[in-house]
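A structural walkthrough
Each chain, letter by letter, is given below.
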Amino acid sequence: MGDARAVMDRLTAAQNAHDLEGMLACFHDDYRSEKPLFPSRSFQGIDQVRANWSALLTAMPDFHAEVLRSAADGDTVFREVHWTATKADGTPLDERGVLIAGVRDDRIAWGRLYTDEVEPEGADIDATVRRMAGAPEP
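Read on for a plain summary of the structure. For every chain, the first residue of the written sequence is number 1, and numbering continues from 1 along that sequence. A pLDDT threshold of at least 70 governs which residues receive local features in this predicted model, and a stricter bar of 80 or more applies before side-chain atom pairs are shown or counted, although totals over entire chains, interfaces and linings include all residues. Excluded from the side-chain calculations are hydrogens and water; all other atoms, namely the structure's heavy atoms, are used.

**Some points on the pairing of strand β6 (residues 107-117)**
The line we're drawing: Any two strands between which DSSP finds at least two bridges are classified as paired. A helix here means a DSSP run of H or I that spans at least four residues, while a strand means a run of E at least two residues long, and both kinds are numbered starting from the N terminus.
In this sheet, β6 lies alongside strand β1 (residues 27-34) in parallel orientation, the contact comprising four bridges. Its bridge partner being in β6, Glu34 is matched across the sheet by Arg112. A loop of two residues connects strand β5 (residues 92-104) with β6, the two strands running antiparallel in sequence, and Asp105 in this loop sits at a positive phi of about 55 degrees.

This is the structure we're talking about:
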């Protein structure tokens, strides 16, 4: 077994170099992606990875991935990320979250992505807890 974190480091380096082929070399052809918070965004296969990242890197040529924290447990890597860029419409991308990836044969076999765009304004913690609990507004 290789170093699972090294695979993720190669992926981050390729993302920051805007090297689509270098990114794709980090994934198995049958890569499985899950977004547990957004199940309809799950997919399988390298073709969708290519389509996704080709669109992102074309639309956001200043895309930058920052690794905030990283840990590995055998062939599983846990990585906290911060992604920034300028979107095609001129608005900023500010996405944060955690990626969990399974590595097999020095390539990523599966991923569970818990990432989303930062919401700088919105409901505070009290309103969020009320919503979660189904409680009425005060």
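Next comes the rest of the description.
**As for empty space enclosed by the protein**
For clarity, the threshold we go by: Note on definitions: the grid is 1 Å and covers protein atoms alone; a cavity is a set of points where a 1.4 Å probe fits but cannot get out; a pocket is an open set with protein on both sides within 12 Å along at least five of seven lines; lining residues have an atom within 4 Å of a point. Grid points are joined across faces, edges and corners, and a volume is the space filled by probe spheres set on the points. Residues were grouped as follows: Ala, Val, Leu, Ile, Met, Phe, Trp, Tyr, Cys and Pro as nonpolar; Asp, Glu, Lys and Arg as charged; and all remaining residues, including Gly, as polar.
Following the criterion strictly, the structure yields one cavity of 30 Å³ or more and no others. Of the voids in this model, the largest cavity is the one considered here, and its volume is about 40 Å³. What lines the largest cavity is simply Met8, Leu11, Thr12, Gln15, Ala65, Arg79, Val81, Trp83 and Leu99. At the level of elements, α1 (4-16) and β4 (76-86) are the ones that each hand at least two residues to the lining of the largest cavity. The element that contributes the greatest number of residues to the lining of the largest cavity is α1, accounting for four residues. Looking at side-chain class alone, the lining of the largest cavity contains six nonpolar, two polar and one charged residues.

By themselves, these are just geometric observations and shouldn't be taken as functional.
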